[in-house]
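Understanding the architecture of this molecule
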Amino acid sequence: RMPPMRSLAVAALMLCLPAGNAVSSTALRAAARPALVPSASPRVSGAMTAATTAATATARPKFMPSPQAVAELTESATKDMLDRVEAMPLDLPSYGVVEASFVRTGVAPSEGTPPVVLLHGFDSSCLEFRRTLPKLEALGVEAYALDLLGWGFGDTGGGDVSVEAKRAALLEFRRQVLGDRQMTLLGVSLGAAVVIDFNAVHSDAVASAILVDPQGFIDGAPPVPEPFARGGIRVLGSWPLRSLANQLAYADTDAFATDDAIRVGLLHCARPSWEDDSVSWLLGGGYSVSSLVPRLAPKPTAILWGRQDEILPPAEFAPKFVAALPGAAFRWVEECGHSPHLEQPDALAAAVRAFLDSGPDAVAGDDDVSEIVRLANRGALEKLADGVKELDAFLDTPILDPNERGGPLEPLKAFVRSEPETAQVAASVLALTFFFVLARGLVAVLG
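Reading the values: the criteria
- Residues numbered from 1 in each chain as written.
- Predicted model: local features only at pLDDT ≥ 70, side-chain atom pairs only at ≥ 80, totals over all residues.
- Heavy atoms only, no water.
- Helix = DSSP H or I, 4+ residues; strand = E, 2+ residues; numbered from the N terminus.
- Buried < 20%, exposed > 50% of the residue type's maximum accessible area, 1.4 Å probe, protein only.
- Contact = heavy atoms within 4.5 Å.
- Salt bridge = Lys/Arg side-chain N within 4 Å of Asp/Glu carboxyl O.
- Phe/Tyr/Trp six-rings, centres within 6.5 Å; stacked < 30°, edge-to-face > 60°.
- Pairing = 2+ DSSP bridges.
- Axes fitted to C-alpha atoms, helices over the stretch in contact; angles between N-to-C directions.
- 1 Å grid on protein atoms, 1.4 Å probe; cavity = no way out; pocket = protein on both sides within 12 Å on 5 of 7 lines; lining within 4 Å.
- Points joined across faces, edges and corners; volume = space filled by probe spheres on them.
- Nonpolar A, V, L, I, M, F, W, Y, C, P; charged D, E, K, R; others polar.
- Right-handed = clockwise from strand over helix to strand, strands pointing away.
- pLDDT = per-residue confidence, 0-100.
- Polar contact = N/O pair within 3.5 Å; in protein donor to acceptor, adjacent residues only side chain to side chain.
- Core = buried A, V, L, I, M, F, W, Y, C linked by side-chain atoms within 4.5 Å.

1. Points about the overall build of the protein chain
Within the protein chain, the regular secondary structure consists of 19 helices and eight strands. Among the 447 residues that make up the protein chain, the fraction classed as buried is 49%. For the protein chain, the share of sequence-separated contacts (at least 6 apart) that also reach a separation of at least 24 residues comes to 79%.

What follows is the structure, given as structure tokens:
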């Protein structure tokens, strides 16, 4: 069967994140540990407790999804979270007044335990944590799911949403909401780049870090003319692209890549300045933090990675984090794609609780990355040999599976089933014709 065409979708999702610099890798020790186990049920709803309402302010963001949009949602956790979104005006030096939007657990501060600030990924909102935040609350974790400036529900006033402005907003959020306490920053995907950048400038504000399927080695955004950037952003806010992103984000697509998940992911795109903010972000260059990753080394750090991540494949990116942060605790999240906070919220919440109580090494899970590190450290000849094997396997993969019934090609498949020898001869003739035409084309071009 023809393999799925996923590279284009990944490129679209990584619109602001072109290829980054390579970093050499070193191996972590392999040790037997309990697995970060999946939830008992793939569908997690869990409501926030009444304590949350008592802990939140009365202020609401200027923009919230329309009643019609909310009425279309089916997951109770989303509606519970929307009911608890609060806003705080932040006066940022050099950037003016912006609005921070966030949801917090109803857990009082605990002396000696830093608050956990949850940072979502590219072009998303605090609703990413709708399944994890109730779990953290049940475990007694003081946590805040914060919308990054320029995304989510917070009003930007059409102002700056650059890397520097996002950093300033997080710093001011810490001052006004957290009372200048040190934070444990948990960043998912691009949220990890926010953690890396913030720590490099405000290390004194960071107690520790948890990087979840992190983006840190894809530097910058491609130069794009403004009209093309605006068109690309409109595509980014479209149902088809969000649907494709859904298919890439999860290991269990049947359970999680639902129409409701798409609706949740599009809610913040109705904010009046979302398009302008997104264009401004794209034209601003994005995050370039690969050289800053090692600065997290002095901090207690855990790296959690969905074993089936297809957006940031661990075989490609995890060895770079292992090399840059050799003291960090790496753990696989089993039966999980790019979004452990949505696909395995019980496992992620348990990891955060263990991390806060006893440090990174107390986080449960398989830490063996020896194989992906070995593959990353292959020499040129070994990589070439492996590439030849992969090509050979691809060429041996049938383009048409005659045993799969139905579809527009069923007449052709029926012919293959009824006349296999004739079909093989026809396929060979077509292949020879293709390579003959290709060779003639190359001669014409080169000659």
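2. Let's talk about the pattern of salt bridges
For side chains of opposite charge, pairing can occur when their charged atoms come near one another. Under the counting rule described, the total for this entry stands at 21 salt bridges. Note that Lys62 is salt-bridged to Asp155, the shortest N-O span being 3.4 Å. Of this pair, Lys62 sits in the loop between α2 (50–55) and α3 (67–71) while Asp155 sits in the loop between β4 (143–146) and α6 (163–177), and the two are 93 residues apart along the sequence. For Asp155, a relative accessible area of 23% puts it in the partly exposed group. The closest approach of N and O atoms between Glu371 and Arg374, which form a salt bridge, is 2.9 Å. Linking Glu371 with Arg374, this pair stays in helix α16 (residues 370–376), spanning three residues, or about one helical turn. One salt-bridge network, in which partners are shared between bridges, spans Glu226, Arg230, Arg234, Glu275 and Asp276.

3. Considering the packing of aromatic side chains
Counting across every chain of the model gives 11 aromatic pairs. Centroid distance Phe122 to Trp151: 5.4 Å. Interplanar angle 80°. Geometry classified as edge-to-face. Taken as a pair, Phe122 in the loop between β3 (116–119) and α5 (132–138) and Trp151 in the loop between β4 and α6 lie far apart in primary sequence, 29 residues in all. Residues Phe122 and Trp151 agree in their burial class; the two are buried.

4. Let's talk about the sheet that holds strand β2 (residues 96–104)
The strand order β1-β2-β4-β3-β5-β6-β7-β8 describes an open sheet built from eight strands, whose pairing is mixed. In the strand order of this sheet, the two ends are held by β1 (86–92) and β8 (329–333), each with one partner. Each adjacent strand pair in this sheet contributes to an overall mean axis angle of 25°, direction not counted. Two elements, β2 and β4, share three bridges in a ladder whose sense is antiparallel. Pairing of Phe102 across the sheet is with Leu146, part of β4. Helix α7 (residues 190–201) rests against β3, β5 (183–188) and β6 (206–212) of the sheet, and its axis sits at about 145° to β5.

5. Quick word on unusual backbone geometry
Here the phi dihedral of Asp123 falls at roughly 45°; this positive angle occurs in a residue that is not glycine. Structurally, Asp123 can be placed in the loop between β3 and α5. What makes Asp123 buried here is its relative accessible area of 3%.

6. Focus on empty space enclosed by the protein
For the structure on display, the rule yields two cavities of 30 Å³ or more. Looking at the largest cavity, its volume works out to about 620 Å³. As for the largest cavity, its lining consists of 30 residues, of which Phe122, Ser124, Glu128, Arg242 and Ala245 are closest to the centre. Counting only elements with at least two residues in the lining of the largest cavity, the list comes to α9 (239–249), α11 (259–266) and α14 (340–343). Looking at which element gives the most residues to the lining of the largest cavity, the answer is α9, with five residues. Partitioning the lining of the largest cavity into residue classes produces 16 nonpolar, 10 polar and four charged.

7. Quick word on helix α12 (residues 274–284)
Buried within α12 we find Trp274, Asp277, Ser278, Val279, Trp281 and Leu282. The inward-facing, buried residues of α12 abut α6, α8 (226–236) and α9. One or two positions beyond α12, positive phi appears at Gly285, with a value near 105°.

8. Comments concerning the pairing of strand β7 (residues 301–306)
Counting buried positions along β7 gives six out of six residues, so the element sits mostly inside the fold. Every second residue of β7 is oriented toward a common face, with Thr301, Ile303 and Trp305 on one face and Ala302, Leu304 and Gly306 on the other, all of them buried. For β6 and β7, the ladder comprises four bridges, and the chain directions are parallel. The residue of β7 that forms the bridge with Ala209 is Thr301. Sheet topology places β7 next to β8; five bridges connect them, and they run parallel. Residue pairing across strands places Leu304 opposite Arg331, the latter belonging to β8. The parallel pair β7 and β8 is bridged by helix α13 (residues 314–324), and the resulting crossover is right-handed.

9. Comments concerning the confidence of the model for the protein chain
Mean pLDDT over the protein chain: 85, with 85% of residues reaching 70 or higher. Segment residues 1–57 is flagged for pLDDT under 50; beyond a separation of four residues in sequence, or across chains, it makes 148 contacts in the model.

10. As for the environment of Thr132
Considering the arrangement of structural elements, one finds Thr132 in helix α5. You can call Thr132 buried: its relative accessible area is 1%. Taking the C-alpha atoms as reference points, Thr132 and His341, separated by 209 residues in sequence, lie 5.6 Å from one another. Setting aside chain neighbours within four positions, we find Thr132 in contact with His341, Pro345 and Leu348. A polar atom in the side chain of Thr132 sits 2.7 Å from the backbone oxygen of His341.

11. Details of the nonpolar core
One finds Val117, Leu170, Phe173 and Trp305 to be the most contacted residues of the largest nonpolar core, which totals 77 residues. Contact partners of Val117, with chain neighbours within four places excluded, come to Tyr144, Leu146, Leu170, Phe173, Leu178, Met183, Thr184, Leu185 and Leu186. In this structure, Met81, Val103, Phe129 and Leu186 belong to the second largest nonpolar core, which totals 35 residues.

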